[in-house]
Amino acid sequence: MSGYAPGSSSGGMSPGDGQTTKVSVSAARLSPKDREVLCHVFCKCRSIGVATQAGRIQRQRCVEQRLDFANDVSKDGTGVPTEYRPEQPYDMTEEPPAPIMDYDDPLEPHSSVRQWIRDVWPSKGKQYQSGDVRRPDVVIVNDPSQPPVQSNIKTVVEMKFPGDRYRPDQEDDYIEIAGSPAKFAHLGVTECGCGDDDGQKKTAPSRQPAPQSDLDELYGGGSVSPGGPPLPPMPPTPAPAW
C-alpha cells in the first residue's frame, strides 16, 4: 500500500476544548495532548451518543465514529490515519496479541471480525472461546504509518461511561495487548471532568441491553441500524504538522 513505510508523514487530530480536572494515576499515563483529544471525544459522546432505531444509545459507537472521521480526514491529507485507532480487534491466542487487519490494507482493522473468525479459526484447531478476540476502545500508536502491533503501541485506552463495567479479564487482556501496565490507561467522567450539569441535561439514560454473546460484545452490544441518527457534522480541519 502506498504510504505504508517507516518515516511516512503522520496524521494527527486536533485537541478539543478540554476542562481542567483531577487526573487518575492511570489517565496520567497519557500525554497532555492525548488526554485532551480523547477526553474531548469522550465528553461529546457522553452528552449525545449514537441512537439506533430501537432507541438504544451507543456512546462507544459515537467514539468510534468521531475518531474514524478524523482518520479519514487525515488519510485524505497525509495518506495515513491519525495515531488514534478506535475499536481495533486483537487475536489474543497469539503471543503477543496480534492486530486483526484488513487483508488488503494493513493500516485498517478487518471490516468483519465475525467473517475473520470463520475464515481463520478452523486452522487453529480449537473452538473459539470468550476473550479470544478483544477490541479496546482506542489504541494509540507511535507511528501511524505502521500497523498497531505491540511494538508500535504507545497506549491502550479503555473508556467507561456511567454504568459501564469491566468484563472478566478485560483489563488484564488490554494490558497484555499493550505489553505493560504502564501502557494502559482508563478514562471516565472523573478523569475527563466533563461537567455534571452538562451531562445531566443532555445525557439520555443508557438503554443498551447486556450483550447476548462474546461476539456481541465485540460489536458494541448490537449493530447500529442504517437508519439511526448520524453524528452531528464535524468540520474537517487540516491535519496539524506534528
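Shown above is the structure to which this text applies.
Here we summarise the structure given alongside this text. (Residues numbered from 1 in each chain as written. Predicted model: local features only at pLDDT ≥ 70, side-chain atom pairs only at ≥ 80, totals over all residues. Heavy atoms only, no water.)

### Side note on the pairing of strand β7 (residues 184-187)
Here comes step 1: Where strand β6 (residues 153-159) and β7 come together, four bridges link them in parallel fashion. Within β7, the position partnered with V156 by the bridge is F184.
Here comes step 2: Handedness of the crossover is the feature at issue here: the chain leaves β6, passes through helix α4 (residues 170-178), returns alongside β7, and the resulting connection is right-handed. (Pairing = 2+ DSSP bridges. Helix = DSSP H or I, 4+ residues; strand = E, 2+ residues; numbered from the N terminus. Right-handed = clockwise from strand over helix to strand, strands pointing away.)

### Topic: a negative patch on the surface
Here comes step 1: A cluster of acidic residues, E95, D169, E171, D172 and E176, forms a negative patch at the surface.
Here comes step 2: With respect to the secondary-structure elements, E176 resides in helix α4.
Here comes step 3: Using a relative accessible area of 32% as the deciding quantity, one classes E176 as partly exposed. (Patch = residues over 30% accessible without salt bridge, like charges linked within 9 Å, V, L, I, M, F, W, Y side chains within 5 Å. Areas by Shrake-Rupley, 256 points an atom, 1.4 Å probe, with all protein chains shown as cover. Salt bridge = Lys/Arg side-chain N within 4 Å of Asp/Glu carboxyl O. Lys, Arg positive; Asp, Glu negative; His and termini not counted. Charge placed at Lys NZ, Arg CZ, Asp CG, Glu CD. Buried < 20%, exposed > 50% of the residue type's maximum accessible area, 1.4 Å probe, protein only.)

### Quick notes on the sheet that holds β6
Here comes step 1: Strand order in the open sheet made by the four strands is β1-β5-β6-β7, with mixed pairing throughout. Looking at strand neighbours, the two that pair on one side only are β1 (84-86) and β7, the edges of this open sheet. Ignoring strand direction, the axes of neighbouring strands in this sheet form an average angle of 25°.
Here comes step 2: Judged from the four bridges that link them, strand β5 (residues 138-141) and β6 form a sheet pairing that is antiparallel. The residue of β6 that forms the bridge with V141 is I153.
Here comes step 3: Those strands touched by α4 are β6 and β7, and its axis lies near 165° from that of β6. (Axes fitted to C-alpha atoms, helices over the stretch in contact; angles between N-to-C directions. Contact = heavy atoms within 4.5 Å.)

### Some points on the packing of helix α1 (residues 32-47) against helix α2 (residues 59-78)
Here comes step 1: Packing of α1 against α2 brings their axes to within 9 Å, and their N-to-C directions diverge by 135°. Judged by the angle between their axes, α1 and α2 are oblique. In terms of crossing hand, the pair formed by α1 and α2 is right-handed. Here L38, V41, K44, C45 and R46 of α1 come into contact with α2, specifically with R59, C62, V63, R66 and L67.
Here comes step 2: Across the contact of α1 with α2, the residue classes tally to six nonpolar, no polar and four charged. (Parallel < 35°, antiparallel > 145°, perpendicular 65-115°, else oblique. Left-handed = near helix turned anticlockwise from the far one by under 90°. Nonpolar A, V, L, I, M, F, W, Y, C, P; charged D, E, K, R; others polar.)

### Describing the pattern of salt bridges
Here comes step 1: This structure, assessed with the given rule, holds eleven salt bridges.
Here comes step 2: A salt bridge links E83 to K33, with the shortest nitrogen-to-oxygen separation between them at 2.5 Å. Placement of the pair is E83 in the loop between α2 and β1 and K33 in helix α1, with a sequence separation of 50 residues.
Here comes step 3: The partner of K126 in a salt bridge is D132, and the shortest N-O contact between them spans 3.7 Å.

### Concerning the packing of aromatic side chains
Here comes step 1: What the rule picks out here adds up to four aromatic pairs.
Here comes step 2: Centre to centre, the rings of F42 and F161 are 4.3 Å apart; their planes meet at 5°, and the pair counts as stacked. Residue F42 is located in helix α1, and its partner F161 is located in the loop between β6 and α4; the two are separated by 119 residues in the primary sequence. Residues F42 and F161 agree in their burial class; the two are buried. (Phe/Tyr/Trp six-rings, centres within 6.5 Å; stacked < 30°, edge-to-face > 60°.)

### Examining the state of the cysteines
Here comes step 1: This model, assessed by the stated rule, comprises three disulfides.
Here comes step 2: Note that C39 is cross-linked by a disulfide to C192, the S-S spacing being 2.2 Å. The S-S bond linking C39 to C192 shows a torsion near -75°; that makes this disulfide left-handed. Note that C39 is positioned in helix α1 and C192 in helix α5 (residues 189-192), a separation of 153 residues in sequence.
Here comes step 3: On the accessibility criterion, C39 (8% relative accessible area) is buried.
Here comes step 4: What makes C192 buried here is its relative accessible area of 2%.
Here comes step 5: The disulfide bridge from C43 ends at C194, spanning 2.1 Å between sulfur atoms. The S-S bond linking C43 to C194 shows a torsion near -80°; that makes this disulfide left-handed. (Disulfide = S-S within 2.5 Å.)

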